[in-house]
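Here is what each chain is made of, one letter per residue.
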Amino acid sequence: MKIYKNLRIFTMDKEGKVYDNGYIKVSKGKILAIGNCDDLTCQELEAGECVDCKNKIAVPGMITTHAHFYGTFARGMQLSQSICNWQQMLTHMWWKFDKKLTFDQCYYSAMLGLIDGLKSGTTTFFDHQASPNATDGVLDILEKAVRQAGARACLSYEVSDRDGTEHRDSGIRENERFIKKTQNAEDPQISALFGMHAGYSLSRETLEQCAQTGKELDCGFHVHIAESEADVAESYRLYDMHVMERMYKAGILGEQTIAAHCVHLGSEQWELLQKTGTTAAYNVQSNTNNAVGICPAVSMLDHGVNVALGGDGYTYDLYQELGFGVIMQRIREKDPRVFSGEQIRRFAFENPGNLGKRLFGVQLGMLEPGAAADIVLVDYQEPTPITGSNFLSHMTSAFSGKVTDVIVNGKTVVRDRHCTQIDEEKILAECKVQADQLWKSLD
Ligand SMILES: [Zn+2]
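Residues numbered from 1 in each chain as written. Predicted model: local features only at pLDDT ≥ 70, side-chain atom pairs only at ≥ 80, totals over all residues. Heavy atoms only, no water.

- As named in an unreviewed UniProt entry, the protein chain is Aminohydrolase SsnA, taken from Blautia ammoniilytica.

1. So, the pairing of strand β13 (residues 279–282)
Phase 1 of the analysis: Side chains of β13 alternate between two faces, with T279 and A281 and A280 and Y282 buried alike.
Phase 2 of the analysis: For the crossover from strand β12 (residues 258–261) across helix α9 (residues 267–276) to β13, the handedness is right-handed.
Phase 3 of the analysis: Here β13 runs beside strand β14 (residues 306–309); their pairing, made up of four bridges, is parallel. Note that in β14 the partner of A280 across the bridge is V307. (Buried < 20%, exposed > 50% of the residue type's maximum accessible area, 1.4 Å probe, protein only. Helix = DSSP H or I, 4+ residues; strand = E, 2+ residues; numbered from the N terminus. Right-handed = clockwise from strand over helix to strand, strands pointing away. Pairing = 2+ DSSP bridges.)

2. Focus on the domain arrangement of the protein chain
Phase 1 of the analysis: As assigned here, the protein chain comprises domain 1 (2–61 + 364–419) and domain 2 (86–360).
Phase 2 of the analysis: The C-alpha centroid of domain 2 is placed 29 Å from the C-alpha centroid of domain 1.
Phase 3 of the analysis: With 27 residues of domain 1 in contact, the opposing surface of domain 2 contributes 25 residues.
Phase 4 of the analysis: Approximately 2,200 Å² of surface area, both sides summed, lies buried where domain 1 meets domain 2, with 66% of it carried by carbon and sulfur atoms.
Phase 5 of the analysis: The largest share of the area that domain 1 buries against domain 2 comes from L364, L392 and T396, three residues that together contribute 24% of it.
Phase 6 of the analysis: Connecting domain 1 to domain 2 are one salt bridge.
Phase 7 of the analysis: Across the pair R152 and D374 runs a salt bridge, and its minimum N-O distance is 2.8 Å.
Phase 8 of the analysis: Secondary-structure elements contributing two or more residues to the side of domain 1 that touches domain 2 are β5 (57–60), β15 (375–378), α14 (391–398), β16 (403–408) and β17 (411–415).
Phase 9 of the analysis: When residues of the side of domain 1 that touches domain 2 are assigned to their parent elements, the largest contribution, four residues, is made by β16.
Phase 10 of the analysis: Of the residues assigned to the side of domain 1 that touches domain 2, the class counts are 18 nonpolar, five polar and four charged. (Domains from an automatic or database assignment. Contact = heavy atoms within 4.5 Å. Buried area = accessible area lost by both parts, 1.4 Å probe. Salt bridge = Lys/Arg side-chain N within 4 Å of Asp/Glu carboxyl O. Nonpolar A, V, L, I, M, F, W, Y, C, P; charged D, E, K, R; others polar.)

3. Observations regarding the coordination of the zinc ion
Geometry sets the ideal angles at a metal, namely 109.5 degrees for four tetrahedral donors and 90 or 180 degrees for six octahedral donors.
Phase 1 of the analysis: Listed as protein donors to the zinc ion are H66 (NE2), H68 (NE2), H224 (NE2) and D312 (OD); their distances from the metal cover 2.1 to 2.2 Å.
Phase 2 of the analysis: Here the donor residues of the zinc ion are spaced in sequence according to H-x1-H-x155-H-x87-D.
Phase 3 of the analysis: H68 gets classed as buried once you look at its relative accessible area, which sits at 8%. (Donors = N, O, S within 2.8 Å, 3.2 Å for Na, K, Ca; no water.)

4. Brief notes about the side chain of H128
Phase 1 of the analysis: Looking at the secondary structure, you find H128 in the loop between β7 (122–127) and α4 (138–149).
Phase 2 of the analysis: Classification of H128 as buried rests on a relative accessible area of 0%.
Phase 3 of the analysis: There is a polar contact of 2.8 Å between the side chain of H128 and the backbone oxygen of H222.
Phase 4 of the analysis: Setting aside its immediate chain neighbours within four residues, H128 contacts H66, A67, H68, Y70, S156, E158, G195, M196, H197, H222, V223 and H224. (Polar contact = N/O pair within 3.5 Å; in protein donor to acceptor, adjacent residues only side chain to side chain.)

5. Considerations on helix α15 (residues 424–442)
Phase 1 of the analysis: Between the first and last C-alpha of α15 there are 27 Å, a value that for 19 residues agrees with the 27 Å anticipated at 1.5 Å per step.
Phase 2 of the analysis: Where α15 is concerned, the buried positions are E424, I427, C431, Q434, A435 and L438. The buried residues of α15 occupy one face: seen down the axis, they fall within an arc of 105 degrees. Facing away from the buried side of α15 by more than 90 degrees, the exposed set consists of E425, K426, K432 and K440.
Phase 3 of the analysis: For α15, the elements touching its buried residues are α2 (86–97), α3 (103–119) and β18 (418–419). (Expected span 1.5 Å × (residues − 1). Arc of directions from axis to C-beta.)

6. Let's talk about the UniProt feature "domain: Amidohydrolase-related" (unreviewed entry) in the protein chain
Phase 1 of the analysis: Using the residue numbers shown here, the UniProt feature "domain: Amidohydrolase-related" (unreviewed entry) corresponds to residues 57–413.
Phase 2 of the analysis: Secondary structure across residues 57–413 comprises 45% helix and 16% strand; the distance between its end C-alpha atoms is 17 Å. (UniProt positions renumbered as here; feature names shortened; annotations may be inferred.)

7. Let's talk about the nonpolar core
Phase 1 of the analysis: Ranked by size, the top nonpolar core spans 114 residues in total, and within it F194 and M300 carry the most contacts.
Phase 2 of the analysis: Among the domains, domain 1 (2–61 + 364–419) and domain 2 (86–360) are the pair contributing at least three residues each to this core.
Phase 3 of the analysis: Core analysis: the next-biggest nonpolar cluster, separate from the first, contains 15 residues, Y19, A58, I375 and I407 among them. (Core = buried A, V, L, I, M, F, W, Y, C linked by side-chain atoms within 4.5 Å.)

Pasting the structure below:
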């Protein structure tokens, strides 16, 4: 048992409990107890290994409900042609890029995302992999990277028709194989969803096949929905219905499913998300960068949808993403009052944490007895008063870059801003070599 003491703890639970000089007892990957240091007895202190946290702030680990590890190697890449819309972004950039990925590049790109994320306080990753020429066994390779870095992840492979039936079938096989493996293992560190790319790259037959396989496996799905207007328009043209309705009718939505983006939706589609308990992942910086629009996140939260924070692999620094996500809702709604503190807490902690509970079997996103010991320590000497009621405002505007220590599943995986489980320098040097090779293969 370990006791982290002299902490300022912001639990992010429903009551908003705060401990000004608190302790967290951790055992077997979970939080055993939380309280005030004054209440710790000598006996208790002697029973465990004590870690003096010197008045650092403790918060639950952040959760990215939508990510693409493979995309990290696109950082800094120059495009040979200009891209003027989302379809071109896929066909001229991402679908050329991911086809060239080798298994080694998948491993190192995952390591890069994991290192970035863990050092920024992100402890759980819901990843969505695409590598059409490195498919069979690729989720095992990502799992290896996740375990080595010491993170928690839910992995999936994006099935699509874009490269023909052979690639489609290998994607389906990879999901099926990996889901069965994680279901048998029941390990709270690794989970799986059935991945699919998006409505416009899934034919009627493929969607039915994925839905049927998912039903037999009794698993959820991870799919892009209504990221661009084209996804919605194509669905009306071919199926005479909104892409969300198409997914609903196919049986894809549900409490274990992630609908990523949800930018182009109206109240009829929010209702489908709400009544099925589906999680809608809001990825504001990626959507802004791709100029596809701003997800109606606040309106959906108002309608009881489980909207949750994602980064789309565009970023793994979720404090920054959260701050941007909040202000972009204010410009979308043309109202500086929207996105209340309680909604921000639900969006960034409770909703992703509850999804985590359904998929990993342990509560994430809050610090309470019985929850996962996924704890982030932040060295923040606040220049203005900090309280339970203004805490999120401090977090969104100032926590980025101030994470010092990260604990996942009870294990310290970042100490004094360095990853403890892996040789960070060596891995990052190899990332550079692998990314260079990938870029050259694209010429
Ligand atoms: Zn995505």
